[in-house]
Amino acid sequence: MKFLDRFFERSSRHVASTTGRRHFIAKFGSLLAIGTAAPVLLPIDRTSKALAAESPKAGDPGDPTSCDYWRYCSVDGFLCSCCGGSVTSCPPGTEVSHVTWVGTCRNPADGIDYIISYNDCCGKHSCGTCACTRNDSEEPMYRPFNNNDINWCLGAESNVYNCTVAVIRGTAI
Ligand code: ABN
């Protein structure tokens with residue numbers, strides 16, 4: 001009988017200590033502590049930061065409202081610098097697409113190849129001025145991953161395309 005008493009007492013204590021309110025609070029507390037200490041590894045979209053950090057440098061050669069400007073070597077769209085924005089910023093009332101076409105263009109001032117992303121600005125009807133189609137190293141539409149004739153606003157809140165910016169993302173090597 002004593003054996004049974006001890007057995008049931010132990011199992012009841014075990015159940016109480018592993019399923020009770022205190023146990024839940026203890027577990028929740030440790031998860032919370034781990035969660036705040038661990039580095040955040042979620043994917044983060046840094047497009048806005050890149051856009052804010054990048055502005056045309058003094059001595060950046062050429063005219064950003066001209067299709068001949070060096071950063072536009074692989075662009076296909078209306079230049080935001082003619083549409084109320086700039087080479088790196090969308091016109092007021094539009095939002096930048098986070099999915100983009102990326103090209104590599106050589107800056108004639110320093111001879112360095114830069115990675116340029118051509119983000120579309122979305123949310124207002126097509127700008128219609130300064131159409132620019134250069135398409136260095138572009139391939140036909142049947143190779144969609146190497147073709148830039150794509151409305152990147154399809155991945156944004158509004159699918160309506162307005163114009164395209166050209167943002168330096170880094171050097172090619
Ligand atoms: N990426 C510029 C663009 C927008 C709409 C259609 C074709 C190309």
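In what follows, the structure referred to is the one given above.
Parameters and conventions
Residues numbered from 1 in each chain as written. Predicted model: local features only at pLDDT ≥ 70, side-chain atom pairs only at ≥ 80, totals over all residues. Heavy atoms only, no water. Pairing = 2+ DSSP bridges. Helix = DSSP H or I, 4+ residues; strand = E, 2+ residues; numbered from the N terminus. Patch = residues over 30% accessible without salt bridge, like charges linked within 9 Å, V, L, I, M, F, W, Y side chains within 5 Å. Areas by Shrake-Rupley, 256 points an atom, 1.4 Å probe, with all protein chains shown as cover. Salt bridge = Lys/Arg side-chain N within 4 Å of Asp/Glu carboxyl O.

*Asks:* Sorry if this is basic, but what is going on with the pairing of strand 4 (residues 112–118) here?
*Replies:* Regular strands place side chains that alternate from one sheet face to the opposite one. Here strand 3 (residues 101–107) runs beside strand 4; their pairing, made up of seven bridges, is antiparallel. Within strand 4, the position partnered with V102 by the bridge is S117. Connecting the antiparallel pair strand 3 and strand 4 is a turn made up of four residues, with G111 showing a positive phi of about 70°. Bridge count between strand 4 and strand 8 (residues 167–171): four bridges; the pairing is antiparallel. For I115, the partnering residue across the bridge sits in strand 8 and is G170.

*Asks:* Hey, could you run me through a nonpolar patch on the surface in this one?
*Replies:* Together, L4, F7 and F8 line one region of the surface with nonpolar side chains, adding up to about 310 Å² of accessible area. As for its placement among the helices and strands, F7 is situated in helix 1 (residues 2–19).

*Asks:* Please explain the environment of V99 as it appears in this structure.
*Replies:* Assignment of secondary structure puts V99 in the loop between strand 2 (95–96) and strand 3. For V99 and N119, which are 20 residues apart along the polypeptide, the C-alpha to C-alpha distance reads 7.1 Å.

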